[in-house]
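Inside the fold
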Amino acid sequence: MLPKAISLKKKSSSMFQTSKQIIVASGSPRRQQFFTNLGIAFQVLNVQNNELYKAQDKDIPRQGIKGAFDKEERPAGNENPEEYAKRAVLLKAFDALRYLGLLQEKQAFLSSAEKSIFLQALSFPVETFSFFLPNYEKSIIVTADTIVCLGKEILGKPKTEEEALTMLKKLQGKTHVVMTAVSFVDTAQHACYLFCDKTEVTFMPWADDILKAYVKTGESFDKAGAYGISGQGSFLARSVQGNLDTVIGLPVAKCVEFLLWNKAITI
């Protein structure tokens, strides 16, 4: 039995119309807010409540809708940061497909997928995977994963204040890279599209007591690299080279470009 959904009343001022059901398989309130800000009708895949969640005449809760897609993977073998981010986001896509009853085993997807690189129709390179899925309504399932890298070291989400402070001290006065990998599974086209966007962030050389005070706010704990650039942690960065939305958790311009190309949304 497929999860239930609640209808979403779209705002009349939105410039985008959806021609495919858009499912955001993420518990991140920041990613959900991007779609809300754009006026794009969407659902949040929420495994804990066994449903597809839609806001109806109200905003999606500020804390987001927590699901089974918030677990953090770890690098395998000699994976470089970009390889790791792409693998992590594909695993989230597999989880979403399994939850919707469209995929029984990871191996079934991996063994039947044919990978290629799509370069021409979009302004950025996209990896594509072709595969077979059972019949399902026209849907785009969106997953994303954001990581912070200092050189080859991947800084995940801290579990304690001590871990958070250690991460922030590593970033003091240095430039690091934030990567957000995004996947779009098109259930009608039997295809998965995958790309990764990168932004460089340079931290101010803040004193340890400033970093300790920030950690005490509790904002570090659900953030890769132990900081939230769209929250109280905005003061930590001296400069940002690239897309700020990528640091927050979703490269919005590229996502909209893809959704328009895919005809999932129209104007």
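Residues numbered from 1 in each chain as written. Predicted model: local features only at pLDDT ≥ 70, side-chain atom pairs only at ≥ 80, totals over all residues. Heavy atoms only, no water.

**Examining the overall build of the protein**
Our working rule: Here a strand is any run of E in DSSP of at least two residues, a helix any run of H or I of at least four, and the numbering for each starts at the N terminus. Residue burial is assigned from relative accessible area. The probe radius is 1.4 Å, only protein chains are included, and a residue is buried under 20% of its type maximum, exposed over 50%, and partly exposed in between. Accessible surface area values rest on a Shrake-Rupley calculation with a 1.4 Å probe, where residue burial reflects the displayed protein chains alone.
A count of helical and extended segments in the protein gives seven helices and twelve strands. The buried share of the protein, reckoned over its 267 residues, is 51%. When the accessible area of the protein is evaluated, it comes to approximately 12900 Å², of which 51% is carbon and sulfur surface.

**Side note on the packing of aromatic side chains**
The description of an aromatic ring pair uses the distance of the two centres, along with the angle that the planes make with each other. Our working definition: Think of it this way: a Phe, Tyr or Trp ring, Trp meaning its six-membered ring, pairs with another when their centres are within 6.5 Å, and the plane angle makes it stacked under 30 degrees, edge-to-face over 60, tilted otherwise.
Applying the stated criterion across every chain yields a total of ten aromatic pairs. Seen in terms of ring centroids, Phe 184 and Phe 195 are 6.4 Å apart; in terms of plane orientation they differ by 20°. Their pairing is stacked. You can see Phe 184 sitting in strand β9 (residues 175-186) and its partner Phe 195 sitting in strand β10 (residues 191-203), a full eleven residues away along the chain. Like Phe 195, Phe 184 is buried. Here the aromatic residues Phe 124, Phe 184, Tyr 193, Phe 195, Phe 258 and Trp 261 are joined through ring pairs into a cluster of three or more.

**A look at unusual backbone geometry**
At His 190, a residue that is not glycine, the phi angle is positive and equals roughly 55°. With respect to the helices, strands and loops of the structure, His 190 is situated in the loop between β9 and β10. Residues other than glycine seldom take positive phi values, yet Lys 263 does so here, at roughly 65°. Take Lys 263: it is sitting in the loop between α7 (252-261) and β12 (265-266). For Lys 263, a relative accessible area of 56% gives the class exposed.

**Observations regarding the packing of helix α4 (residues 161-171) against helix α5 (residues 208-215)**
Cut-off, in case you're wondering: The convention used is that axes are lines fitted to C-alpha atoms, helices contributing only their stretch in contact, and that angles between N-to-C directions extend from 0 to 180 degrees. Geometric relationships in this document are graded by angle, where less than 35 degrees denotes roughly parallel, more than 145 denotes roughly antiparallel, 65 to 115 denotes roughly perpendicular, and other angles denote oblique. Should the near helix be turned anticlockwise from the far one by less than a right angle, the crossing is left-handed, and should it be turned clockwise, the crossing is right-handed. By the convention used here, residues are in contact when the closest approach between their heavy atoms is within 4.5 Å.
It is at 10 Å that the axes of α4 and α5 come closest, and there the two elements cross at 135°. In this view, α4 runs oblique relative to α5, as classed from their interaxial angle. Of the two possible hands of crossing, α4 and α5 adopt the one that is right-handed. Across from Glu 161, Ala 164, Leu 165, Leu 168 and Lys 169 in α4, the residues of α5 making contact are Asp 208, Leu 211, Lys 212, Tyr 214 and Val 215.

**Concerning the state of the cysteines**
Our working rule: The disulfide criterion is simple: two cysteine sulfur atoms within 2.5 Å.
Per the stated rule, a full pass over the model turns up zero disulfides. For the unlinked cysteine Cys 196, the closest cysteine sulfur is that of Cys 149, found at 8.4 Å.

**Some remarks on α4**
The test is simple: Directions are taken from the helix axis to each C-beta atom, and the arc is the one they span.
For α4, the complete set of buried residues consists of Ala 164, Leu 165, Met 167, Leu 168 and Leu 171. Axial view of α4: buried residues confined to an arc of 160°, hence all on one face. Contact partners of the buried residues in α4: β7 (139-150), β8 (153-155), β9, β10 and α5. Looking one or two places after α4, you find Gly 173, whose phi comes out positive at around 65°.

**Section: the pairing of β10**
Note the cut-off: Strand pairing requires that DSSP identify at least two bridges connecting the strands.
Burial of β10 is extensive: eleven of the 13 residues sit out of reach of the surface. As defined by bridge partners, strand β6 (residues 126-130) adjoins β10 across four bridges and the pair is classed as antiparallel. Bridged to Glu 127 within β10 is Leu 194. With twelve bridges connecting them, β9 and β10 associate as antiparallel partners. By the bridge assignment for β10, Ala 181 is matched with Cys 196. Once β9 ends, the chain turns through four residues before running back antiparallel as β10, passing His 190 with a positive phi of about 55°.

**Focus: the nonpolar core**
Here is the rule: Throughout this description, the term nonpolar core refers to a set of buried Ala, Val, Leu, Ile, Met, Phe, Trp, Tyr and Cys residues connected via side-chain atoms within 4.5 Å.
If you look at the biggest cluster of nonpolar residues, it comprises 49 residues, and the most contacted ones within it are Ile 22, Phe 35, Leu 168, Val 182, Phe 184, Tyr 227 and Leu 259. Filtering out sequence-adjacent residues up to four positions away, Phe 35 remains in contact with Ile 22, Val 24, Ile 40, Phe 42, Val 142, Leu 250 and Leu 259. Counting residues in hydrophobic clusters, the runner-up holds 29 residues, among them Ala 25, Ala 96, Cys 149 and Val 185.

**Digging into the confidence of the model for the protein**
Stated formally: One number per residue, pLDDT, summarises how confident the predictor is, and it ranges from 0 to 100.
Residues of the protein with pLDDT of at least 70 account for 77%, and the chain-wide mean is 82. The low-confidence segment residues 4-11, where pLDDT is below 50, has 20 contacts with residues more than four positions distant or belonging to other chains.

**Observations concerning the environment of Ile 147**
Here Ile 147 lies in strand β7. Residues Ile 147 and Val 178, 31 residues apart in the sequence, show an inter-C-alpha distance of 5.8 Å. Not counting the four nearest positions on each side in its chain, Ile 147 is found in contact with Pro 81, Tyr 84, Ala 85, Ile 154, Val 177, Val 178, Met 179 and Ala 224.

**Details of a nonpolar patch on the surface**
Which entries qualify depends on this criterion: Put simply, a patch holds well-exposed residues, over 30% relative accessible area, that have no salt bridge, with like charges counted together within 9 Å and Val, Leu, Ile, Met, Phe, Trp or Tyr side chains within 5 Å. The working definition used for a salt bridge is a side-chain nitrogen of Lys or Arg within 4 Å of a carboxyl oxygen of Asp or Glu.
On the surface, Met 15, Leu 260 and Ile 267 cluster together into a nonpolar patch covering about 340 Å² of accessible area. Checked against the element boundaries, Met 15 lands in the segment before β1 (17-18). Residue class for Met 15 comes out exposed when judged on its relative accessible area of 52%.

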